[in-house]
Amino acid sequence: MRGNNLGGRQGAAPRTPAQPLPAMITYDTGSMIKIICQLKGSVLLSVWPQMAMCAGIAVLATILRASIGEDDYIIKDVKGHATLGTALAFLNVFRSNLSYGRYWDGRGQLGVLVKSGRELMRLVVAYSKTPEEKEEEAEMQETIREVWRLISCLMHSIVLAVQHFEGHHHVPEYDIDLELVKPGWLKEKEKSAIEKAENVGRDVRDNKGRPALIAALLSHKVYYMYHRGWMNAAVLKKCDKCINEFVGAWMACEKIVGVPMVFPYTQMLSVFMVLFVYTFPFPLAHIFFNEEAEFNGFFITPFISALVAFAFFGMNAVGVEIENPFGDDDNDLPIKKMMKRIELDTIAMLELRTTSDQAEAMEKLRSEKAEQEKLAQQKSRDRNALQGPPGRGFQG
């Protein structure tokens, strides 16, 4: 994700289930030719203007070398550029490594979200007590579905909060109705309560802390299950730990988005890279110029200069591309695909309750209890039949 660019997501129509979810680029690591020729996701699309400018400077340098001759040419040696290029390459690679670390840290935090969602749903489904009364069991099942809904709502709200985090430039707020209410993750009553809470103590309402409010709603729902006696204190504590991990992952993701690369380092790298790449064609024009075949220099010098520009500006573009991996760009993490996967995995766990040993034992107990009640009613009817109608006693 380049900066806080949302990859054209703003103002786009919501995706329908028939539309494919965006996914990061995958490729065949054994096919070098396909990797070289693929343009989708390549930094070549980002740095070709710098390459073209460097090639143009190389053409001008070659014309200058042909015009003034070897003796009066301004730069003949590449030793200065070689020294600067070595240091610049180290700084450029170091910057890319820092960005790569942020990229993998972002993937790790998304993994924490997925793990916490699956684990929380597993705890709620597997360790909740099945009530004896079918009406109460139906109520508990509905509460578990509410927990599933709020887990998905929390995950989506965290992703939206990270993607719309206002860092070094303004990012518009997302539409809560379009993103959370319309898909069914958030109810109108809950939305009204959240918006009211976001106004408390503020002159202007903001939604920066919205995931914390949704986490509170989820905690209320889990605690309600404990209050009704459907889960014990140990399970409640583990569920609270999962919700706490949600909040921790959210804060870690915001750290990645909200803390850019240190400005002095980026500025120094940019200055030296521009000076090096755009002056490097001048010594190359002298080295590759041939008095007997002048046109060779007009081809070789721009080509080598463009390759140098691609190497240095391309490596820097890689760092810019991956330092913020939360978005819809080609090389960003497949967030929507991960969200969809966790939705399907957690809703599937609800179906397992009907096949659990606890559910089968409770169903057997209910059947036995119903059979006992049926026998008791039959005995009562038989006894009433032997006694005869009421009011007719023995007559001598």
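Our subject in this report is the structure included herewith. (Residues numbered from 1 in each chain as written. Predicted model: local features only at pLDDT ≥ 70, side-chain atom pairs only at ≥ 80, totals over all residues. Heavy atoms only, no water.)

Looking now at the pattern of salt bridges. Evaluation of the coordinates by the stated rule reveals 13 salt bridges. Put simply, Glu323 and Arg95 hold a salt bridge, and the shortest N to O gap is 3.5 Å. Of this pair, Glu323 sits in the loop between helix 11 (294-322) and helix 12 (335-352) while Arg95 is found in helix 3 (residues 79-126), placing the two residues 228 residues apart along the sequence. A salt bridge links Arg118 to Asp345; the nearest nitrogen and oxygen atoms lie 2.6 Å apart. With Arg118 in helix 3 and Asp345 in helix 12, the pair connects residues that are 227 residues apart, well separated along the chain. Each of Glu146, Arg149, Lys187 and Glu190 takes part in a single network of salt bridges with overlapping partners. (Salt bridge = Lys/Arg side-chain N within 4 Å of Asp/Glu carboxyl O. Helix = DSSP H or I, 4+ residues; strand = E, 2+ residues; numbered from the N terminus.)

Attention now moves to the packing of aromatic side chains. Summed over all chains, the structure comprises 11 aromatic pairs. An angle of 85 degrees between the planes, with centres 5.9 Å apart, marks the rings of Tyr224 and Trp230 as edge-to-face. Accessibility expressed as a relative area gives 2% for Trp230, which makes it buried. Ring centres 4.9 Å apart and planes at 55 degrees place the aromatic pair Phe276 and Phe312 in the tilted group. Of the two residues, Phe276 sits in helix 9 (residues 263-279) while Phe312 sits in helix 11, which places them 36 residues apart along the sequence. Ring pairs connect the aromatic residues Phe90, Phe94 and Tyr265, which therefore count as one cluster. (Phe/Tyr/Trp six-rings, centres within 6.5 Å; stacked < 30°, edge-to-face > 60°. Buried < 20%, exposed > 50% of the residue type's maximum accessible area, 1.4 Å probe, protein only.)

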